[in-house]
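Residue-level listing of the chains:
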Amino acid sequence: MKNLNHPPPWLDKFLQWRMPEEQFEEVQGDMHELYGQWVEEMGEGKARRRYLWTTLTFLRPLPKAKKSLYPTYSDYSQANFFDMIRNYFKIAYRNLIRHKSFSFLNILGLTLGLTACLLIALFVRDEKSFDTFIPEGDRIYRIYLQVTNNEGTNNSAGTPPRFATTLPQEFPEVEKALRLLKLQSKDLFEAGDKKIYEEGGIAVDSTFFDFFPLSFAYGTTTGIFDDPTSIIISKEMAERYFGKENPIGKQISRNKTPFQVKGVFENNPKFHLQLTYILPLRITGIPQERMQSWGWQQFNTYVKLKPNATISSLETKFQDYIRENVHPILKESSFTYLPRFQPLHNVHLYSSDFKFDNLAVRGNITYVNALTIIALFILLIACFNFVNLATAKSLQRAKEVGVRKTVGATRKQLIIQYISETVLLAFISMSISVILTFLIVPWLNRFTEKQITFDLFTNPLLLPLLLILTIGVGVLAGFYPALVLSGFQPVKVLKGAGMADSKPGQIPWLRHSLVVVQFSLSVLLIVSAMVVIRQVNYLHNKDLGINKEQILFFPMRGDNMFNNYETFKNELLKSSTVSSVSIGYGFPGDMVAGDNIITSKEGKRVSQRAIQLMVDHDYVKTLDIQLIAGRDFSKQMSTDKDAAYIINETAVRELGFGTPDNALGKTLWWEVWGAENSDSLKQGQVIGVVKDFHYNSLYDKVETTVLQIFPDAYWKVAVKLKTAQMATALPHVQAVWNKFSPDYPIEYRFLDESFEQMYKAEDKLKSLLWIFTCITVFVACLGLFGLAAYAAERRKKEIGIRKVLGASVESLVLLLSKEFVKLVAVALLLATPLAWYAMDNWLQDFAYRIDLDWWIFALAGVLALLIALLTVSFQSIKAALMNPVKSLRSE
Amino acid sequence: MNRNYLGEFEELVLLTVAHMHGEAYGAAITQDIKERTGRSVVLSAVHVALYRLEEKGLVSSAVGGATAERGGRRKRLFTITTYGMNILSEIRQVREDLWQLISKPIQPAVL
């Protein structure tokens, strides 16, 4: 006991911080005493460790020291705190029940906002998580080209086959490279008695699975690329042919060539490639010298870098290499390019403007960002709303605040009380939103063709995130009302005099600016929705220069049909239901071939870009294209077959012929496709000029177009049916088909359908904007409604006096509504330039677009004003109709 | 709740307080229990037990003098209350009764 060793003082400090003063003294005394004994017993080191351990065990709460007879101040504060929280919730609950309509509006607004937010967040998360499952994905890059030709510079995902062989050889940074070739046509697959056309097949280098290790349902990747008869198919495809059984080793034929199924892979919905089947690249039989080409851009090329390589230096080096070695080769052609590298994770979202990228599942970062902003806006508006409604309601609770303050509530306590009320509301809204989201997600999946799951219970991050969001929204929405409420002067409110901003002439700028912001956003969205709807309608209804109704469209199949296309055509025409038939390549809504045409300028031959439509004598007639000069191809003129061209108006301009009539008889040359001799030119005269007609979506301009007769390229058939005879026409076409190609099933569609298909994304955008505009306007109206209610409440006495003095109801309504009309007008002024800018930007993507007429903005403004007036007048009429006795009686 | 209920450790602490006759405080009780039972007791556990016993009214406490080895800190001395004594004897009675029942030679279980 003589040892007076001192234990570490910082531990004492720690104890002192932990414990009430009273307990600390005795505990520390005990500890010191024990410490002295421990040092004697086991030495200082051990004693110190023991001391530390004992201190830590005091972290658990000790029961209270004995109760003194008279409760101290701290006893009160402790006991009251929890009781108060309970009381807060009780009061909040009572308020909710008492003001049912107000609570309903609040919860409705917040729920709408939160639900929209949740759904958009799920969508955005899904869009942003593409390709994240691929291991070492941060080292994988896709190469795209910046192609420059006489029309400007475009990005293109198509790359030459030579890239993949050159890169790993010449650049040590590159670990491996991969080529993908999309198999363009729909191919006929047969297994057992199943015959189906499949698309979405690719031919790949053997490195494919090193880049993208897809998971396999059956089989493996080993040896797939050694055996030229092996094929790997997707699970969906396997089920189409083999049902649920294991298809490994089974035979399946592609275009009559037999293959053996070696593996069944599972498509990952988060993978930018959704595939049906995979073949080794050499199956395509592309000759070696063609694979050495620097100009043929039909492959997608991916590279994987070595771990420490940097992409920017590689990009510069590779571009220099291309400038030095490839640009001289390309001198003769009408284009040149520079390669760029794109991180794998950007492929999905940042390629929306790429050409030749129809293999990848593409999103659009602009839409994703716009949606994110809209989601935040809606949430913000909903919060603003709450602020407005709650502040309006605060007058009715002024007495409560007065009483609380008189009894001794501090301002901090009041703020906590009111914020906890909004947090409670936010919780109710969030719960409803979560349920709604669960219900809406399946619909969202159908709409977006995605497989989004709302993994609330399986994702450990989501629940805490939602909790934080809820509390955040509650605090954000509740802070200002809480500040206002807690600022009431008890004496004034209890006397019945003081209202929050009853100082004459003072404008409640915060609430007003909230309404302005809300309405600006609403106007912005109304304008956007109107513009998008008009543009989409325009896309669907614009006169394309062809008659696309009642045209049946299908590709020819089988040698017999290709060889005897004339007979096939005549057989089709035999029925009275068919009015005309055209066979060719390059029909509207289908693929068209880009190529060159050669004209003679000042004695020199000049090659220019032109779309080549390979047609027959009935093309113009079948599609109802208008001739503006010259004549159509005619069977009577034997030269039409080999030496005649029809061009469109754009071609007249671009080729420098001046007027359509002037163009007639001009000579053109064309490099014949697939000719033995590469210099073989077809020479012919322009015999006719047609009005410009659209063969692509309205995103693209009508280009210089040349129509000519070229049977070698005949591939597709368009059958014009007579009105209202679909039911008899289809069996006839089917019967004729079966006569020529019984081995192949026919696969037809209607021409107008393919045009509808082109604008699917825009159709979706249209419906989305509709929904969001409605939500935003609705939620904004809730806010305005609250503000009007507040104003009416505040000016109750004024209205009473005015009425007593003889004011009419109309003049009172006008008086009360005037203020809000002003706010909406300001909102209009703010929103119009923004909306103009945003929509003008969006429309730039379309080659053919509507004008941004001033009346769209005017209409949106009038609409917003009307909606606002309607909302406000509900309150102002109510206030104006009130019996003045009621408001003036008590003073 | 049965007012007589005492945890095993609480009972041990209460007994210790009883036999120390007014000289019982945290550190002393900790040492005493350690010497008697050989089990290593954490100080905070003793404190928790003491306060809980006080809450139940089984012990009462007063702040006592300071000694040098305590760094000049005062100790809280615990004494057992009459009620505490009663509880202890009640528990003892129950145990005695039970022992009576098995005081006949204990038959080891036959395997």
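Small disclaimer: the values here were computed from a predicted structure and weren't measured. Counting starts from 1 at the beginning of each chain's written sequence and moves along it residue by residue. The naming scheme follows written order: chains are lettered A onward, ligands numbered 1 onward. At least 70 in pLDDT is required for a residue's local features to be given in this predicted model, at least 80 for side-chain atom pairs to be given and counted, and no such filter applies to totals for whole chains, interfaces and linings, which use all residues.

### Describing the overall build of chain A
In this text, helices come from DSSP runs of H or I with a minimum length of four residues, and strands from runs of E with a minimum of two, each type numbered from the N-terminal end. Summing up its helical and strand segments, chain A has 30 helices and 24 strands in all. Computed over the C-alpha atoms, the radius of gyration of chain A is 38 Å, more than 25% above the 29 Å expected from 2.2 N^0.38 for a compact globule of 891 residues. If one aligns the C-alpha atoms of chain A with their principal axes, the spans along those axes are about 120 × 100 × 55 Å. We call two residues in contact when the distance between their C-beta atoms, placed using the backbone, is within 7 Å. Nonlocal contacts in chain A, meaning residues at least 24 apart in sequence, comprise 81% of its contacts between residues at least 6 apart. Atoms counted for the radius of gyration: C-alpha only. Globule rule: 2.2 Å times the number of residues to the power 0.38.

### Looking at helix 4 (residues 82-101) of chain B
The end-to-end C-alpha separation of helix 4 of chain B is 29 Å, in line with the 28 Å expected for 20 residues at 1.5 Å each. For every residue, the other C-beta atoms within 10 Å of its own C-beta are counted; 20 or more classify it as buried, 12 or fewer as exposed, and values in between as partly exposed. C-beta atoms are placed from the backbone. With two of its 20 residues buried, helix 4 of chain B lies for the most part at the surface. Multiplying 1.5 Å by the residue count of a helix minus one yields the expected span of that helix.

### Section: the sheet that holds strand 15 (residues 578-584) of chain A
DSSP bridges decide pairing: two strands pair if at least two such bridges lie between them. Spatial ordering of the open sheet is given by 15-23-14-24 (chain A), a layout of four strands whose pairing is antiparallel. At either end of the open sheet lies a strand with only one pairing partner, and these are strand 15 and strand 24 (749-750) of chain A.

### Things to note about helix 1 (residues 8-19) of chain B
Three or four residues apart is the spacing at which side chains of an α-helix point the same way, because the helix has 3.6 residues per turn. Residue and element names in this part refer to chain B. If you check helix 1, its first and last C-alpha atoms are 17 Å apart, about what 12 residues at 1.5 Å a residue would give, namely 16 Å. Taken together, the buried positions of helix 1 are Leu 12, Val 13, Leu 14, Thr 16 and Val 17. Two residues or fewer past helix 1, His 21 is found with a positive phi of approximately 50°.

### Examining the domain arrangement of chain A
Quoted interface sizes are often the accessible area lost when the parts come together. Segment limits for the domains were obtained from an automatic or database-derived domain assignment. What the domain assignment lists for chain A is domain 1 (9-57), domain 2 (137-360), domain 3 (366-539 + 760-889) and domain 4 (551-757). Just the C-alpha atoms count here: the centres of domain 1 of chain A and domain 2 of chain A sit 71 Å apart.

### Side note on the UniProt feature "transmembrane region" (unreviewed entry) in chain A
UniProt positions are given in the numbering used here, feature names are shortened, and annotations may be inferred rather than shown by experiment. Per the UniProt record, the feature "transmembrane region" (unreviewed entry) sits at residues 104-124, 367-387, 422-441, 461-488, 509-533, 768-792, 820-839 and 854-874 of chain A. Counted over residues 768-792 of chain A, helix gives 100% and strand 0%. Its end C-alpha atoms are 36 Å apart.

### Observations concerning the UniProt feature "domain: ABC3 transporter permease C-terminal" (unreviewed entry) in chain A
The UniProt record marks residues 373-489 and 770-884 of chain A with the feature "domain: ABC3 transporter permease C-terminal" (unreviewed entry), using the residue numbering of this structure. As annotated, residues 770-884 of chain A comprises 85% helix and 0% strand, and the C-alpha atoms at either end are separated by 43 Å.

### Points about the packing of helix 4 (residues 100-128) of chain A against helix 26 (residues 760-794) of chain A
All names here are of chain A. Axis separation between helix 4 and helix 26 bottoms out at 10 Å; the angle between their running directions is 150°. Overall, the two elements helix 4 and helix 26 adopt an arrangement that is roughly antiparallel. For helix 4 against helix 26, the interelement crossing comes out left-handed. Facing Leu 105, Gly 109, Leu 112, Gly 113 and Ala 116 of helix 4, the residues of helix 26 in contact are Phe 772, Ile 775, Val 779, Leu 782 and Phe 785. Only the stretch in contact is used when fitting a helix axis, every axis being a line fitted to C-alpha atoms; angles between N-to-C directions are given from 0 to 180 degrees. What sets the label is the angle itself: under 35 degrees gives roughly parallel, over 145 gives roughly antiparallel, 65 to 115 gives roughly perpendicular, and the rest give oblique. It is the rotation of the near helix from the far one that decides the hand of a crossing: anticlockwise by less than a right angle makes it left-handed, clockwise makes it right-handed.

### Focus: the interface of chain A and chain B
In this assembly, 23 residues from chain A lie in contact with 23 residues from chain B. Residues are grouped as follows: Ala, Val, Leu, Ile, Met, Phe, Trp, Tyr, Cys and Pro are nonpolar; Asp, Glu, Lys and Arg are charged; every other residue, Gly included, is polar. When grouped by side-chain class, the residues that make up the side of chain A that touches chain B number nine nonpolar, seven polar and seven charged.

### Side note on the confidence of the model for chain A
Note that predicted coordinates carrying low pLDDT should not be read in detail. Across the chain, each position has a pLDDT score giving the predictor's confidence in that residue, from 0 to 100. For chain A, the mean per-residue pLDDT works out to 84, and 94% of the residues sit at or above 70. Residue range residues 500-506 of chain A is modelled with pLDDT below 50. Its contacts to residues more than four positions away, or to other chains, number four contacts.

### What to know about the pairing of strand 5 (residues 194-198) of chain A
Sheet faces and side chains relate simply in a regular strand, where the side chains alternate between the two faces. Residue and element names in this part refer to chain A. Bridge count for strand 4 (residues 187-191) against strand 5 is five bridges, and the pairing is antiparallel. Bridge assignment links Phe 189 to a residue of strand 5, and that residue is Ile 196. Hairpin connection, strand 4 to strand 5: the antiparallel pair is bridged by two residues, and Gly 192 has positive phi, about 60°.

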